[in-house]
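For reference, the chains in residue letters:
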Amino acid sequence: MRAGVGAVPYVLSYMKKEEPESEAVRMKRDVTTARRSFIIIFGVGIAGTVTAILLVLKNRPAGDLENGYGKAVPTLAPRLPPCKKFGDSCELSPGKLGTCIQKERCEGEHCLFCQSQH
């Protein structure tokens, strides 16, 4: 016989048998465990989010905050002049042609606008 093998039943006979735990005790233990898990999960998530935001803000490229990062984007001047008379061709956006149209029940120079031809 090996050492300690025969002693196991002898030791177990002197151990106090556990009584089944009540429903309330089990529920309290489960709620405590769940609460602890949520705190750990959300704590790690919040810490990770804050770290990512700080890294992005610290390592962002230098630039003008009013127009985004980096150098300002050059704007293209329209190749066609703004509307001066009904039916003229106009440029709605760079590369997109339109036709000068007059608003209904409007008089004056501000009544013409460029409308897409598509």
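Placed above this text is the structure.
Description of the structure in this document. Note that this is a predicted model, so its numbers are computed, not measured.

The rules behind each value
Residues numbered from 1 in each chain as written. Predicted model: local features only at pLDDT ≥ 70, side-chain atom pairs only at ≥ 80, totals over all residues. Heavy atoms only, no water. Helix = DSSP H or I, 4+ residues; strand = E, 2+ residues; numbered from the N terminus. Buried < 20%, exposed > 50% of the residue type's maximum accessible area, 1.4 Å probe, protein only. Areas by Shrake-Rupley, 256 points an atom, 1.4 Å probe, with all protein chains shown as cover. Salt bridge = Lys/Arg side-chain N within 4 Å of Asp/Glu carboxyl O. Disulfide = S-S within 2.5 Å. Pairing = 2+ DSSP bridges. Axes fitted to C-alpha atoms, helices over the stretch in contact; angles between N-to-C directions.

Looking only at helices and strands, one finds 2 helices and 3 strands in the chain. Counting from the amino terminus, the chain carries its helices and strands in the arrangement α-α-β-β-β. Expressed as a percentage of the 118 residues in the chain, the buried residues total 6%. Only carbon and sulfur atoms are counted for the fraction: they give 62% of the accessible area of the chain, which is about 11,000 Å².

Under the criterion given, the structure shown has 2 salt bridges. For Glu 23, the salt bridge is made with Arg 26, and the minimal N-O distance between the two is 3.8 Å. Of this pair, Glu 23 and Arg 26 are both found in helix α2 (residues 23-58), 3 residues apart, which corresponds to roughly one turn of the helix. Here Arg 26 falls in the partly exposed class, since its relative accessible area comes to 33%. Where Arg 29 meets Asp 30, a salt bridge forms, and the shortest distance between an N and an O atom there is 3.6 Å. Classification of Arg 29 as partly exposed rests on a relative accessible area of 41%. Classification of Asp 30 by relative accessible area gives partly exposed; the value is 39%.

Turning our attention to the state of the cysteines. With the rule as written, the count across this model stands at 3 disulfides. Paired through a disulfide, Cys 83 and Cys 100 show a sulfur-sulfur distance of 2.3 Å. Given an S-S torsion of about -95°, the disulfide between Cys 83 and Cys 100 has left-handed geometry. Here the residue Cys 83 occupies a position in the loop between α2 and β1 (89-93), and Cys 100 occupies one in strand β2 (residues 96-102), the gap between them amounting to 17 residues. For the residue pair Cys 83 and Cys 100, the accessibility class agrees, reading buried in each case. Listing the disulfide partners of the chain by sequence rank of the bonded cysteines yields 1-3, 2-6, 4-5.

In this section: the sheet that holds β2. With antiparallel pairing, 3 strands are arranged side by side in an open sheet as β1-β2-β3. Two strands in the sheet have a free side with no partner beyond their single neighbour: β1 and β3 (112-116). Going from strand to strand, the sheet's axes swing by 50° on average, the running direction of each strand aside. Bridge analysis of β2 against β3 gives 5 bridges, and the strand direction is antiparallel. Counterpart to Gly 98 in the pairing with β3 is Ser 116.

On to unusual backbone geometry, then. Phi angles above zero are rare outside glycine, and Arg 105 is one such case at about 50°. Positionally, Arg 105 belongs in the loop between β2 and β3.

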